[in-house]
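An overview of the molecular structure
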Amino acid sequence: MSSELAKSQISSTIVDAIEELKGTHHGFRRAHARGFVYEATFTPNGSAAPFTTAPHLQGSPVRATVRLSHTDANPHAFDSDRSVRGFATKFHLADGTNTDLVMVNVERFVAATPEEFVDFIKAAKADTDAADPSVPHIKSFVGAHPTVGPALAAAKSVGIPESYGTSQYWAIHAFLWRDAAGEVRPVRYSWVPDAGVVNAADSSSWTPHHLTEELRSRLPISFVLRVTFGEPGDPTHDSTVAWPDDRRSVDVGRIEITAEAADQEHWQSQVFDPTALVDGIEVSDDPVLAARSTIYAVSYDRRSHQR
Ligand code: HEM
């Protein structure tokens, strides 16, 4: 079987498994179904320029579009839920092309490969369906994949942010930066909020779309783009594993989210693809990262046909 065919089969299997767990919400993304889209400007500070030739990380400000989202596949999920949130950015480059950077407010993923993710979703579904809760499928999954334990604990304990503007977000996977001389370095990204990380004291009285409504009166919000450089031996293929805390981090610019986008419908219909990259940035050997483009294409195909 060709690797493209294998990728497409596992991608359909994954989206089927998500639908079995979460239901099918016609016309919506199969994850991060409810989001709102904003106009933004990213201003690089020049610190990335020695390490990557990527045009949006050199010196000039770049226009960007940001989608902030609730992670659930159910578009009617509540903002008061304890849940992961998404921060997807499309940078609009001077030559008319785009490059994407997709983050969530947890630092690690719960599976090292797409196949493991299928097992994870199926274990979650088995636990949901179980007549006998003393047979914990997720617990067995974590037992068989020890690096997943900390990632799952982090995802479960993520706070409910006071605002989309008061959470830190991570791209989770490693990417590779290539400099002008051709040297390649592994990096991991984060958006660090200028307003600090602040969780809600009490979300019990929130309306279902509280975080979107809250942002209306708070805008603009801003975040620093922090890049952490990996060292030889740091895993780039497994996003369940953290790098050591002492790795060098460099702040390379700031994004300011200024206004709600006028054409919500247009942007909701687009895909934010973490592998839509430019010269100077390459994918790492992480198989989950490699699969995401095809998985998102399957979701796009289903939602754009109102399935
Ligand atoms: C096997 C692993 C994964 C699967 C199966 C998966 C699945 C999906 C799907 C089906 C969508 C909707 C795509 C669309 O219709 O446009 C989506 C969106 C998204 N995913 Fe993933 N994902 C995975 C890994 C990750 C990781 C590691 C991150 C962390 C950075 C992430 C963050 C997001 C975000 C923020 C969105 C919303 C993008 C937007 O606003 O358009 N995903 N994911």
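The name that an unreviewed UniProt entry assigns to the protein chain is Catalase-related peroxidase, with the source organism given as Lentzea albida. Comment text from UniProt for the protein chain, heading Sequence similarities (unreviewed entry), reads "Belongs to the catalase family."

**Here's the deal with the overall build of the protein chain**
Along the backbone of the protein chain there are 7 helices and 10 strands. On C-alpha atoms alone, the protein chain measures out to a radius of gyration of 19 Å, which is about the 19 Å that the 2.2 N^0.38 rule sets for 307 residues. Over its C-alpha atoms, taken along the principal directions, the protein chain stretches across nearly 60 × 45 × 40 Å. Put simply, the protein chain has 307 residues, and 49% of those count as buried. For the protein chain, contacts bridging at least 24 residues in sequence account for 76% of all contacts bridging at least 6. Here the protein chain carries 28 positive and 40 negative side-chain charges, and the mean point of each set is 2 Å from the other.

**With respect to the site of the ligand**
Taken together, 25 residues lie around the ligand, and Arg29, Arg67, Tyr296, Ser299 and Arg303 are the ones closest in. Within the side chain of Tyr296, a nitrogen or oxygen atom sits 2.7 Å from a nitrogen atom of the ligand. Contact distances for the ligand include 2.5 Å between an oxygen atom and a side-chain N or O atom of Ser299. Every element with two or more residues in the shell around the ligand is listed here: strand E3 (85-92), strand E4 (98-104) and helix H7 (287-304).

**Concerning the UniProt feature "binding site: heme" (unreviewed entry) in the protein chain**
With numbering matched to this structure, UniProt assigns "binding site: heme" (unreviewed entry) to Tyr296. By the element assignment, Tyr296 lies in helix H7. For Tyr296, the contacting residues outside a window of four places in its chain are Val271, Phe272 and Pro274.

**Re the pairing of strand E7 (residues 184-193)**
With respect to burial, E7 is a largely interior element, 9 of its 10 residues being buried. Strand direction decides the pairing type here: strand E6 (residues 175-178) and E7, joined by 4 bridges, are antiparallel. Residue pairing for E7: Arg178 is matched across the bridge by Val184. Between the antiparallel neighbours E6 and E7 lie 5 residues, among them Gly182 with a positive phi of about 95°. Of the strand pairs in this sheet, E7 and strand E8 (residues 221-229) are connected by 7 bridges, and their pairing is antiparallel. When the bridges of E8 are listed, Pro193 appears paired with Phe223.

**Here's the deal with the packing of helix H1 (residues 3-22) against helix H2 (residues 114-129)**
Interaxial distance between H1 and H2 falls to 10 Å at its minimum, and their mutual angle equals 20°. In terms of axis orientation, H1 runs roughly parallel to H2. By crossing handedness, the relation of H1 to H2 is classed as left-handed. Note on element contacts: H2 touches H1 through Pro114, Glu115, Phe117, Val118, Ile121, Ala124, Lys125 and Thr128, opposite Ile10, Thr13, Ile14, Ala17, Ile18, Glu20 and Leu21. Partitioning the contact of H1 with H2 into residue classes produces 10 nonpolar, 2 polar and 3 charged.

Rules and cut-offs
- Residues numbered from 1 in each chain as written.
- Predicted model: local features only at pLDDT ≥ 70, side-chain atom pairs only at ≥ 80, totals over all residues.
- Heavy atoms only, no water.
- UniProt positions renumbered as here; feature names shortened; annotations may be inferred.
- Helix = DSSP H or I, 4+ residues; strand = E, 2+ residues; numbered from the N terminus.
- Rg over C-alpha atoms; globule rule 2.2 N^0.38 Å.
- Buried < 20%, exposed > 50% of the residue type's maximum accessible area, 1.4 Å probe, protein only.
- Contact = heavy atoms within 4.5 Å.
- Lys, Arg positive; Asp, Glu negative; His and termini not counted.
- Charge placed at Lys NZ, Arg CZ, Asp CG, Glu CD.
- Near = heavy atom within 4 Å.
- Polar contact = N/O pair within 3.5 Å; in protein donor to acceptor, adjacent residues only side chain to side chain.
- Pairing = 2+ DSSP bridges.
- Axes fitted to C-alpha atoms, helices over the stretch in contact; angles between N-to-C directions.
- Parallel < 35°, antiparallel > 145°, perpendicular 65-115°, else oblique.
- Left-handed = near helix turned anticlockwise from the far one by under 90°.
- Nonpolar A, V, L, I, M, F, W, Y, C, P; charged D, E, K, R; others polar.

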